[in-house]
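Summary of structural features
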Amino acid sequence: MSSNSVHLEFDVVGNNFVSAGSASNEVKGILKQLGIDPLVIRKIAVAMYEGEINMVIHAGGGRAIVDIFEDKIEIVLIDTGEGIEDVELAMKEGYSTASESIRNLGFGAGMGLPNMKRFSDKFELESEVGKGTTIKMSMLFPE
Amino acid sequence: MKIVDVAKLLNAEIVAGDATKEKEVTCIFASDLMSDVLAFARDEDVLISGLSNPQLVRTAALLDMHCIILVRGKAATDDIISLCDKKGIACLTTKLGMYEACGLLFQKNLIPNKAKSK
């Protein structure tokens, strides 16, 4: 087990598009300071940003817990929103349940979850309708 | 090409991030869908969009871009301007449509991304 160097927790506020993305931007800044490879930082920042946006749009907000280890980062996104009825369908590129007003903001293109999976080395999603969704992502830092 | 020259070419106004206007840019991504930008942008330093909300700036900042260009006469909101100034991202507004803006920049050898130029 690698030693834990940084532990961070963020409240993601639902339906607030002004603050949406601030947590991932902060994590990005910390990874930069730690000297992580910029391409790896980009993958992590994009995946976490999509997760934040998803919580803002669909779940009325949630919590992001980030642990940065020597060799990897682990991001856990927890919400108590409506949950996802059909996870397989939600993972398909282009599938979205976002409203017209969300689409007008440039989101709801059905790329959020696929992008999160694409940019993660490990991706786990657990969801229960009416209870919420938990997503665990981890990305390795190349040696 | 410097951002200030991009502004001249597109008859655009620099409404935020004035301190960044002398920066050289080479690669451009254009889209109204931020998830597509996040999925497909690689090393572009300019983002052209018809979208006018803070998420445009957040997306550009996340991808280390230096400039956003709002097309179709979209005005930059106060949120956009303050976030651009904070992040050091130049914000340009032009009345040109996205196609015309992209065409003019492409003619000046601003490319989609560095990987494609190889």
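Keep in mind it's a predicted model, so treat the numbers as computed, not measured.

1. Things to note about the sheet that holds strand 3 (residues 46-49) of chain B
Residues and elements named next belong to chain B. Across the sheet, which stays open at both edges, the 5 strands sit in the order 1-5-4-3-2 with mixed pairing between neighbours. Across the chains shown, the open sheet's two edge strands, defined by having one partner strand only, are strand 1 (13-16) and strand 2 (28-30). Here the average twist between neighbouring strands, direction ignored, is 25 degrees. As paired strands, strand 3 and strand 4 (residues 67-70) are joined by 4 bridges and run parallel to one another. Following the sheet pairing, Leu47 is matched in strand 4 by Ile68.

2. Quick notes on the packing of helix 1 (residues 22-33) of chain A against helix 3 (residues 54-62) of chain B
Two quantities define a packed helix pair, namely the angle between the axes and the distance from one axis to the other. Viewed as axis vectors pointing N to C, helix 1 of chain A and helix 3 of chain B meet at an angle of 20 degrees, and their least axial separation amounts to 11 Å. Taken together, the axis directions place helix 1 of chain A and helix 3 of chain B in an arrangement best described as roughly parallel. Our pair here, helix 1 of chain A against helix 3 of chain B, has a crossing hand that is left-handed. Here helix 1 of chain A contributes Ser22, Ser24, Asn25 and Lys28 of chain A to the contact with helix 3 of chain B, which in turn contributes Arg58, Ala61 and Leu62 of chain B. Residue composition of the contact of helix 1 of chain A with helix 3 of chain B, by class: 2 nonpolar, 3 polar and 2 charged.

3. Describing the pairing of strand 4 of chain B
All names here are of chain B. Alternating residues of strand 4 divide into Cys67 and Ile69 and Ile68 and Leu70, and every residue in both groups is buried. For the crossover that starts at strand 3, traverses helix 3 and ends in the parallel strand 4, the hand is right-handed. A crossover links strand 4 with its parallel partner strand 5 (residues 90-93), the connecting element being helix 4 (residues 78-87), and its sense is right-handed.

4. Things to note about the nonpolar core
One finds Ile73 of chain A together with Ile68 of chain B to be the most contacted residues of the largest nonpolar core, which totals 66 residues. Aside from chain neighbours lying at most four places away, what touches Ile73 of chain A is Val27, Leu31, Ile44, Val66, Asp67, Ile68, Met137, Ser138, Met139 and Phe141 of chain A. Counting residues in each nonpolar core, the second largest holds 19 residues, with Leu10, Val71, Ala90 and Leu110 of chain B among its members.

5. Structural notes on the interface of chain B and chain A
Between chain B and chain A, the contact holds 23 residues from the first and 26 residues from the second. It is Gln55, Arg58 and Leu62 of chain B that lose the most area in chain B upon contact with chain A, and together they represent 33% of the buried surface on that side. On inspection of chain B and its partner chain A, the count reaches 2 salt bridges. Across the salt bridge formed by Asp64 of chain B and Lys32 of chain A, the nearest N and O atoms sit 3.4 Å from each other. Across the contact surface, chain B and chain A share 16 residue pairs in polar contact (both at pLDDT 80 or more). Elements that contribute at least two residues to the side of chain B that touches chain A include exactly helix 2 (34-40), helix 3 and helix 4 of chain B. Grouping the constituent residues of the side of chain B that touches chain A by class yields 11 nonpolar, 4 polar and 8 charged.

6. Observations regarding empty space enclosed by the protein
A probe matching the size of a water molecule, rolled over the atoms, marks out where space remains unfilled. Residue and element names in this part refer to chain A. Tallied over the entire structure, the rule returns 1 cavity of 30 Å³ or more. Empty space within the largest cavity amounts to approximately 30 Å³. Lining the largest cavity, in full, are Glu124, Glu126, Thr134 and Lys136. Elements supplying a minimum of two residues to the lining of the largest cavity: strand 4 (122-128) and strand 5 (132-140). Per-class residue counts for the lining of the largest cavity are no nonpolar, 1 polar and 3 charged.

7. Quick notes on the environment of Ala61 of chain B
Looking at the secondary structure, you find Ala61 of chain B in helix 3. Judged by its relative accessible area of 10%, Ala61 of chain B falls in the buried class. C-alpha of Ala61 of chain B to C-alpha of Lys87 of chain B: the two residues are 26 residues apart in sequence and 6.9 Å apart in space. Residues within four places of Ala61 of chain B in sequence aside, it is in contact with Asn25 and Lys28 of chain A together with Lys87 and Ile89 of chain B.

8. Here's the deal with the pattern of salt bridges
Scanning the model with the defined rule gives 12 salt bridges over all chains in all. Between Arg63 of chain A and Glu9 of chain A there is a salt bridge, and its shortest N-O distance comes to 2.8 Å. Linking Arg63 of chain A in strand 2 (residues 61-69) with Glu9 of chain A in strand 1 (residues 4-13), this pair joins segments that are 54 residues apart in sequence. Notably, a salt bridge pairs Asp32 of chain B with Arg72 of chain B, separated by 2.8 Å at the nearest N-O pair. Of the two residues, Asp32 of chain B is situated in the loop between strand 2 and helix 2 and Arg72 of chain B in the loop between strand 4 and helix 4; the sequence distance between them amounts to 40 residues. Salt bridges linked by common partners bring Glu9, Asp11 and Arg63 of chain A together as one network.

The rules behind each value
Numbering of residues starts from 1 in each chain and follows the order in which that chain's sequence is written. A letter from A marks each chain and a number from 1 marks each ligand, given out in the order of writing. This being a predicted model, a pLDDT of at least 70 is required before a residue's local features are given, and a value of 80 or more before pairs of side-chain atoms are given or counted; all residues contribute to the totals for chains, interfaces and linings. Excluded from the side-chain calculations are hydrogens and water; all other atoms, namely the structure's heavy atoms, are used. Think of it this way: DSSP has to see at least two bridges between two strands before they count as a pair. Counting from the N terminus, the helices are the DSSP runs of H or I reaching at least four residues and the strands are the DSSP runs of E reaching at least two. Simply put, an axis is a line fit to the C-alpha atoms, just over the touching stretch for a helix, and the angle between two N-to-C directions goes from 0 to 180 degrees. Under this scheme an angle from 65 to 115 degrees is roughly perpendicular, one under 35 degrees roughly parallel, and one over 145 degrees roughly antiparallel; angles in between are oblique. Helix crossings fall into two classes, left-handed where the near helix is turned counterclockwise from the far one by less than a right angle and right-handed where it is turned clockwise. Here a residue-residue contact requires only that any non-hydrogen atoms of the pair lie within 4.5 Å. Amino acids are sorted into nonpolar (Ala, Val, Leu, Ile, Met, Phe, Trp, Tyr, Cys and Pro), charged (Asp, Glu, Lys and Arg) and polar (every other residue, Gly among them). Exposure classes here rest on a 1.4 Å probe applied to the protein chains alone. A residue is buried below 20% of its type maximum, exposed above 50%, and partly exposed in between. Orient the strands so they point away from the viewer; a crossover is then right-handed if the path from the first strand over the helix to the second runs clockwise. The criterion is simple. A nonpolar core is a set of buried Ala, Val, Leu, Ile, Met, Phe, Trp, Tyr and Cys residues joined through side-chain atoms within 4.5 Å. Buried area: the accessible area, evaluated with a 1.4 Å probe, that two parts lose upon being put together, summed over both parts. By convention in these notes, a salt bridge is any Lys or Arg side-chain nitrogen within 4 Å of a carboxyl oxygen on Asp or Glu. Polar contacts, as counted here, are pairs of nitrogen or oxygen atoms within 3.5 Å of one another; within protein the pair requires one atom able to donate a hydrogen and one able to accept it, and residues that are adjacent in sequence qualify only if both atoms are side-chain atoms. Using a 1 Å grid laid over the protein atoms alone, points where a 1.4 Å probe fits but cannot get out form a cavity; open sets with protein on both sides within 12 Å along at least 5 of 7 lines form a pocket; any residue with an atom within 4 Å of a point counts as lining. Grid points are joined across faces, edges and corners, and a volume is the space filled by probe spheres set on the points.

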